[in-house]
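Descriptive structure summary
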Amino acid sequence: MKDEIRIEKIWGTDGRLYELIAPFVMNPEVIRLNGGYPFKNTEDHLWYISVKGKNLVTGFISIVNDHLCNDFTWQDKDLLRILIERAFMDIEKGTLVTFVADNSDRPLLEEMGFSVQKEWTKYFKMAKII
């Protein structure tokens, strides 16, 4: 069972978040794959981190003010689905949730019931009432 993932739920100011995420988000390859954009955090962010073994981070997503953000999964769409579904468990039903996604995530999000609210060249603001 060592290879099974678990999802850790961590608030933005918790030291455990930095222990898990800091080395991951400082990796130049991760930053490149994230379009060069930094990962943002406040005390109001709630993070869902996929971990294998003791501390191997395989992906994460956070939510703040009903907006999903800071997602990274090495382009593993199954893991992205798992993380989004886990975050939805903590959101009140009937809430409008938004997510800015790139072109590669759009098919998965549409399959999950999100619809496009706004389009840019490379990104989409998508929303879903859960």
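Residues numbered from 1 in each chain as written. Predicted model: local features only at pLDDT ≥ 70, side-chain atom pairs only at ≥ 80, totals over all residues. Heavy atoms only, no water.

What about the nonpolar core?
Judged by nonpolar contacts, the single largest core of 22 residues is most densely connected at Ile 61, Leu 68, Ile 84, Phe 88 and Phe 114. Those elements that provide at least two residues to this core are strand 2 (46-52), strand 3 (56-64), helix 3 (77-88), strand 5 (96-102), helix 4 (106-111) and strand 7 (123-129). Top contributing element to this core by residue count: helix 3, with six residues. Listed in part, the 14 residues of the second largest apolar core include Phe 24, Val 25, Val 30 and Val 57. (Core = buried A, V, L, I, M, F, W, Y, C linked by side-chain atoms within 4.5 Å. Buried < 20%, exposed > 50% of the residue type's maximum accessible area, 1.4 Å probe, protein only. Helix = DSSP H or I, 4+ residues; strand = E, 2+ residues; numbered from the N terminus.)

Points about the pairing of strand 2
Within strand 2, six of the seven residues are buried, which leaves it mostly tucked inside the rest of the structure. In this structure, strand 1 (residues 5-11) lies alongside strand 2, joined through seven bridges in antiparallel fashion. What sits directly across from Ile 7, in strand 2, is Ser 50. Sheet topology places strand 2 next to strand 3; seven bridges connect them, and they run antiparallel. Counterpart to Trp 47 in the pairing with strand 3 is Ser 62. Two successive antiparallel strands, strand 2 and strand 3, enclose a turn made up of three residues, where Gly 53 displays a positive phi of approximately 60 degrees. (Pairing = 2+ DSSP bridges.)

Details of the pairing of strand 5
Inspection of the sheet shows strand 4 (residues 67-72) paired to strand 5 by two bridges, in the parallel sense. Bridge pairing in strand 5 links Leu 68 to Phe 99. Each parallel crossover has a hand, and for strand 4 linked through helix 3 to strand 5 it is right-handed. (Right-handed = clockwise from strand over helix to strand, strands pointing away.)

Some remarks on the side chain of Asp 105
Along the polypeptide, Asp 105 turns up in the loop between strand 5 and helix 4. Among all residues touching Asp 105, those that are not within four sequence positions of it are Asp 71, Lys 77 and Leu 80. (Contact = heavy atoms within 4.5 Å.)

Topic: the pattern of salt bridges
Applying the stated rule across the entire model yields nine salt bridges. Close ionic contact of Arg 32 with Glu 29 constitutes a salt bridge, the shortest N to O distance being 2.7 Å. Pair noted here: Arg 32 and Glu 29 are both in helix 2 (residues 28-33), with a separation of three residues, about one helical turn. According to the relative accessible area criterion, Glu 29 is partly exposed, its value standing at 33%. Among the charged side chains, a network of salt bridges with common partners joins Arg 6, Glu 8, Arg 16 and Glu 19. (Salt bridge = Lys/Arg side-chain N within 4 Å of Asp/Glu carboxyl O.)

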